[in-house]
Amino acid sequence: MFDLERWQEIFDTIRKNKLRTFLTGLSVASGIFILVVLLGFGQGMQNGIAREFAADASNRIWVWTEVTTKEYKGLNPGRPIQLRNENHAYIQQHFSEELEHKSPVFRVRNVQVNYGNEAVGYSVQGVSSGYQFIENEYMSQGRFINQSDEENASKVAVISNKIKREVVTKGEDVMAEFLDISGIKFKIIGVYGDMGGEREEERIFIPISTAQRVFNGADRINNLSYTFQPAATFEEAVAESIAVENELTAYLKEAHIVAPDDTSAVSTWNSLEEAKRYYSLTGNIKFFFWFVGICTIIAGVVGVSNIMLIVVKDRTREIGIRKALGAKPWSIVGMILQESIFVTAISGFAGLIASMGLLELVGPNIEVDYVENPSVSFTVAFTTVIVLIIAGAVAGFFPAWRAAKIHVVNALKDE
Amino acid sequence: MPTMIEIKDLHKSYQMGSNALHVLKGLNFNVEEGELVAIMGSSGSGKSTLLNILGMLDVSDSGEYILDGVPIKNLNETKAAQYRNKFLGFIFQSFNLINYKTALENVALPLYYQGMGRKVRQEKALKYLEQVGLKEWSHHLPNELSGGQKQRVAIARAMVGEPKVLLADELTGALDSITSYEVMELLQKINDQGNTILVVTHEDDIAHMCKRIVHLRDGIIVKDEKIKQVRASEYVQ
Ligand SMILES: Nc1ncnc2c1ncn2[C@@H]1O[C@H](COP(=O)(O)OP(=O)(O)OP(=O)(O)O)[C@@H](O)[C@H]1O
Ligand SMILES: [Mg+2]
């Protein structure tokens, strides 16, 4: 390997057979290039999905109700189920350990919202203070609804950055203004923003107690929403959330006399369960990219050994001449292997640098849903190149060995 | 003169499917150091087969072959390669130069397999190229050379390792007669310096430029005679 004379001999050969060398190198380099780019995008998708989940607190549970679909305890199907304050109160007390933030949601329907003389076309929801954290809202100005607002049924409202931008026209301080909801004045006490962007900023929040009292809600609730207490590991969090979800559903079904197997009367959506599905999806995607990548590598190796076979055939006469002049079999094997390893290594690293360069350059600028900053760890890529080189050497050994066994007399025969 | 090559009862046959083709049927002859021997015979008489065995590119089925006192038998590939490199120089009808290497690099190649350093190799190769009159052509590729020039490069390559014996198979087969004589003149000059040379040919005039002719027919030596050498220089202006 460290025989300088041998290296000089190989460089001579490479220098004088540029096209052949170039083609061999190209196939190796493009194989590595494709693999690294694929792996990069696999990582990018994982990053992207992680980002999508970062938008909301990703450990929340959401409860809604519909009509019953099964007969139960003498009650006919088709009966609407209505969540009530007492349900929330029970859950709040009963699951105080497991749940972190808690808020019922009451949707105020058929109301006209005005700011000054302008109509504001957004929906109004009654919520508790915890809803800020459930939806992961940050405050741009002022504060969110708090405990005392709810206790006092204060006529206060929280609007979003988007709404503020649309209604404020004269540069006035929005915090000193009022919203007119069906003729009742609500003082604006805060402006929120959402990590998920503007499509998550289309609601006006008021205290749930106010909403129920002012807009004939009585003790009715549309949804329940909670976040779980953080757990040590992702797996634990998922397991715990599923347990709570099941218990909670069982309680609600019992309280409303719903058949235990009636899946549509009381429904829950557990983001952790969803997240788990996505995470395993990214796992699958990653696996798929690896699979494709490894196929590419195998194709590359087959390509290299194929090229080597052709090279050996191409060089049969030359090898015969060298043997007649005194080349030993192992020096022929060494010559051919060393040349191919050298070419594979150089072009492999060229492909590596090119693809990593591309990811480095283009990666951060990619702004697509579910793909973020495609990148690949250098160790992984480096290992791949090493594997390719070793595989190439193994695959190249057989043609080389065959070359070394060529019978001089046959090799030199004139066709 | 010491004996350079000793052949005793040499047999060789090729297996062709189920039946064997007996090509060499018990050859006996000796070659002394400094001889210039022509091996003649019709096509298929086994001339090349004999030369390949002498050149350790092929092995006989039975019989003895002693080269400069060294018995040549049961050689593995590595040993045979070593012996070829040290003891023998080959000249072929179709030159067999490596087409991507310059004349100089071609000539230097046997020295590479002797483990000689690059600089020494090139110096020595250049010296031999000068001897065959091609010093100015040292950096040309084979396809930039004429047939005669290529064969001269091949002769320089055969000589550069200072072998005990030069083996030439139809070395003038691809050349016109004038060029053939020029190449033979060079070979005679090399022989004059004391080198042992075996030439396979079926051209009478070429054979008569040697000092001895061995006639092969159907795998046996039918005639082995010393002749009066015709100097190629008589034909070359
Ligand atoms: N590898 C081989 N396998 C089978 N038969 C062979 C082989 N090499 C040579 N022969 C046969 O052996 C015989 C002698 O061949 P050889 O090449 O020695 O002849 P030659 O005297 O050199 O002929 P030419 O003047 O045509 O070169 C021929 O009949 C040839 O067909
Ligand atoms: Mg022949």
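Residue positions are given per chain, counting from 1 as you read along its sequence in written order. Lettering for chains starts from A, numbering for ligands starts from 1, and both go in the order in which the items are written. Local features in this predicted model are restricted to residues of pLDDT 70 or higher, and side-chain atom pairs are both shown and tallied only at a pLDDT of 80 or more, whereas totals for entire chains, interfaces and linings draw on every residue. Excluded from the side-chain calculations are hydrogens and water; all other atoms, namely the structure's heavy atoms, are used.

Structural notes on helix H6 (residues 177-192) of chain B
Residue and element names in this part refer to chain B. The condition is simple: Strands here are runs of E lasting at least two residues and helices are runs of H or I lasting at least four, both read from the DSSP assignment and numbered beginning at the N terminus. For a helix, the expected span equals 1.5 Å multiplied by the residue count minus one. Three exposure classes are used, based on accessible area relative to the maximum for each residue type with a 1.4 Å probe and protein chains only: buried under 20%, partly exposed in between, and exposed over 50%.
For H6, spanning 16 residues, the distance from its first C-alpha to its last is 22 Å, which sits close to the expected 22 Å at 1.5 Å a residue. Thr179, Ser180, Tyr181, Val183, Met184, Leu186, Leu187, Gln188, Ile190 and Asn191 are the residues of H6 that are buried. Trailing H6 by a residue or two, Gly194 shows a phi angle of about 105 degrees, which is positive.

A closer look at the interface of chain A and chain B
Formally: Throughout, a residue-residue contact means that at least one pair of heavy atoms, one from each residue, lies within 4.5 Å. What gets called buried area is simply the loss in accessible area from a 1.4 Å probe that two parts show on being joined, summed for both. In the analysis that follows, any N or O atom pair within 3.5 Å is treated as a polar contact, provided that within protein one partner can donate a hydrogen and the other can accept it, and provided that, for residues neighboring in sequence, both atoms belong to side chains. In this classification, the charged set is Asp, Glu, Lys and Arg, the nonpolar set is Ala, Val, Leu, Ile, Met, Phe, Trp, Tyr, Cys and Pro, and all remaining amino acids, among them Gly, are polar.
Counting residues at the interface gives 28 residues for chain A, matched by 27 residues for chain B. Regarding the contact of chain A and chain B, the summed buried area is about 2500 Å², with carbon and sulfur atoms giving 53% of it. The largest per-residue losses of area from chain A upon contact with chain B belong to Glu5, Lys16 and Leu325 of chain A, which jointly make up 24% of the total buried on that side. At the junction of chain A and chain B, the tally comes to seven residue pairs in polar contact (both at pLDDT 80 or more). The residue inventory of the side of chain A that touches chain B, partitioned by class, reads nine nonpolar, six polar and 13 charged.

Quick word on the packing of aromatic side chains
All names here are of chain A. The criterion, for reference: Pairing of aromatic rings covers Phe, Tyr and the six-membered ring of Trp, with a centre-to-centre limit of 6.5 Å; geometry is then stacked below 30 degrees between planes, edge-to-face above 60, and tilted otherwise. Lysine NZ or arginine CZ positioned within 6 Å of the ring centre and within 35 degrees of the ring normal marks a charge as sitting over the ring.
Applying the stated rule across the entire model yields 17 aromatic pairs over all chains. Look at Phe349 and Phe382: their rings are 5.6 Å apart centre to centre, the planes differ by 40 degrees, and that puts the pair in the tilted class. With Phe349 in helix H11 (residues 329-362) and Phe382 in helix H12 (residues 378-404), this residue pair connects regions lying 33 residues apart in the sequence. Ring pairing ties together the aromatic residues Tyr131, Phe144, Tyr192 and Phe205, which thus form one cluster. Just above the ring of Phe178 sits the side chain of Lys187; from NZ or CZ to the centre is 6.0 Å.

Digging into the pairing of strand E3 (residues 36-41) of chain B
Residues and elements named next belong to chain B. Cut-off, in case you're wondering: Two strands make a pair as long as DSSP finds a minimum of two bridges between them.
When you tally the buried positions in E3, you get six out of six residues, the bulk of the element. The alternating pattern of E3 places Leu36, Ala38 and Met40 on one face and Val37, Ile39 and Gly41 on the opposite face, and all of these are buried. Relative to strand E8 (residues 196-200), E3 runs parallel, the two sharing four bridges. The residue bridging Val37 from the neighbouring strand is Leu198, located in E8. As defined by bridge partners, E3 adjoins strand E9 (residues 212-217) across five bridges and the pair is classed as parallel. Among the inter-strand pairings, Met40 is bridged to a residue of E9, identified as His215.

Side note on the side chain of Arg315 of chain A
Position of Arg315 of chain A relative to the elements: it lies in the loop between helix H9 (271-314) and helix H10 (316-324). Reaching out from Arg315 of chain A, the side chain makes a polar contact with the side chain of Glu339 of chain A at a distance of 2.9 Å. In this structure, Arg315 of chain A is in contact with Thr13, Arg20, Met335 and Glu339 of chain A together with Tyr100 of chain B, ignoring residues within four places of it in sequence.

What about the layout of surface pockets?
As a reminder, the rule being used: Here a cavity denotes grid points, spaced 1 Å and computed from the protein atoms alone, that fit a 1.4 Å probe unable to get out, and a pocket denotes an open set having protein on both sides within 12 Å along at least 5 of 7 lines; residues with an atom within 4 Å of a point are the lining. Grid points are joined across faces, edges and corners, and a volume is the space filled by probe spheres set on the points.
Roughly 890 Å³ of volume is contained in the largest pocket. Along the wall of the largest pocket there are 36 residues; nearest its centre are Val409 of chain A together with Ser48, Thr49, Asn52 and Asp169 of chain B. Broken down by element, the lining of the largest pocket gets its largest block of residues, five residues, from helix H1 (residues 47-54) of chain B. Across the lining of the largest pocket, the residue classes tally to 13 nonpolar, 15 polar and eight charged. Its boundaries defined by the atoms lining it, the second largest pocket holds a volume of some 530 Å³. Around the second largest pocket sit 27 residues that line it, and Met56, Asp58, Val59, Ser60 and Leu75 of chain B are the ones nearest its centre. Breaking the lining of the second largest pocket down by element, the ones donating at least two residues are strand E4 (62-67) and helix H2 (77-87) of chain B. Per-element accounting of the lining of the second largest pocket gives the leading share, five residues, to E4 of chain B. Here the residues of the lining of the second largest pocket are counted per class, giving 13 nonpolar, six polar and eight charged.

What to know about the sheet that holds strand E7 (residues 165-169) of chain B
Residues and elements named next belong to chain B. Note the following rule: Here the axes come from fitting lines to C-alpha atoms, over the contacting stretch only for helices, and the angles between their N-to-C directions go from 0 to 180 degrees.
Strands sit in the order E6-E7-E8-E3-E9-E10 across an open sheet of six strands; the sheet is mixed. The open sheet has two edge strands with one neighbour each: strand E6 (88-92) and strand E10 (220-226). Averaged over all adjacent pairs, the angle separating strand axes in this sheet is 15 degrees, with direction ignored. Strand direction decides the pairing type here: E6 and E7, joined by five bridges, are parallel. Counterpart to Ile91 in the pairing with E7 is Ala168. Its contacts with the sheet put helix H5 (residues 147-160) on E6 and E7, and the angle it makes with E6 is roughly 170 degrees.

Remarks on unusual backbone geometry
Residue and element names in this part refer to chain A. The residue Ala153 is not glycine, and still its phi comes out positive at about 50 degrees. With respect to the helices, strands and loops of the structure, Ala153 is situated in the loop between helix H5 (147-152) and strand E8 (156-160). Its identity as a non-glycine residue notwithstanding, Ala218 has a phi of 50 degrees, on the positive side. Here Ala218 shows up in the loop between helix H7 (208-214) and strand E12 (220-221).

Quick word on the site of ligand 1
All names here are of chain B. Where we set the bar: If a single non-hydrogen atom of a residue is within 4 Å of a molecule or strand, that residue counts as near it. The rule for placing a molecule in a cavity or pocket is simple: more than half of its atoms must lie within 2 Å of the grid points.
Neighbouring ligand 1 are 13 residues; Ser43, Gly44, Lys47, Ser48 and Thr49 lie closest to it. Note that an oxygen atom of ligand 1 is positioned 2.9 Å from one of the backbone N or O atoms of Gly44. Within the side chain of Ser48, one N or O atom sits 2.7 Å away from an oxygen atom of ligand 1. Put simply, ligand 1 lies in the largest pocket.

Some details on the pattern of salt bridges
In a structure, side chains of opposite charge can pair up when their charged atoms sit close to one another. Residue and element names in this part refer to chain B. Definition in use: Salt bridge, as used here, is a side-chain nitrogen of Lys or Arg placed within 4 Å of a carboxyl oxygen of Asp or Glu.
For the coordinates displayed, the defined rule picks out 22 salt bridges over all chains. A salt bridge links Glu35 to Lys226; its shortest N-O distance comes to 4.0 Å. Pair noted here: Glu35 is in the loop between strand E2 (19-32) and E3 and Lys226 is in strand E10, with a separation of 191 residues, a long-range link. The exposure class assigned to Lys226 is exposed, which follows from its relative accessible area of 65%.

Describing the sheet that holds strand E5 (residues 70-71) of chain B
Residue and element names in this part refer to chain B. Strand order in the open sheet formed by four strands is E2-E1-E4-E5, with antiparallel pairing between adjacent strands. Strand pairing shows two members of the sheet lacking a second neighbour, E2 and E5, which therefore form its edges. Running at roughly 120 degrees to strand E1 (residues 3-16), H1 makes contact with E1, E2 and E4 of the sheet.

Concerning the confidence of the model for chain B
The condition that has to hold: The pLDDT value expresses, per residue, how confident the predictor is, ranging between 0 and 100.
Per-chain confidence: chain B averages 92 in pLDDT, with 100% of residues scoring 70 or above. Here the predicted complex scores 0.68 on pTM and 0.94 on ipTM.

Describing the nonpolar core
To keep things clear, this is the line we draw: For this analysis, a nonpolar core means a set of buried residues of the types Ala, Val, Leu, Ile, Met, Phe, Trp, Tyr and Cys, connected via side-chain atoms within 4.5 Å.
Within the largest apolar cluster, 74 residues are counted, with the highest numbers of intra-cluster contacts made by Ile336 of chain A together with Ile5, Leu50, Leu67 and Leu198 of chain B. Sort the elements by how many residues they give to this core and H11 of chain A lands first, with nine residues. Among the nonpolar cores identified, the runner-up in size contains 44 residues, and Leu129, Leu134, Val153 and Ile155 of chain B belong to it.

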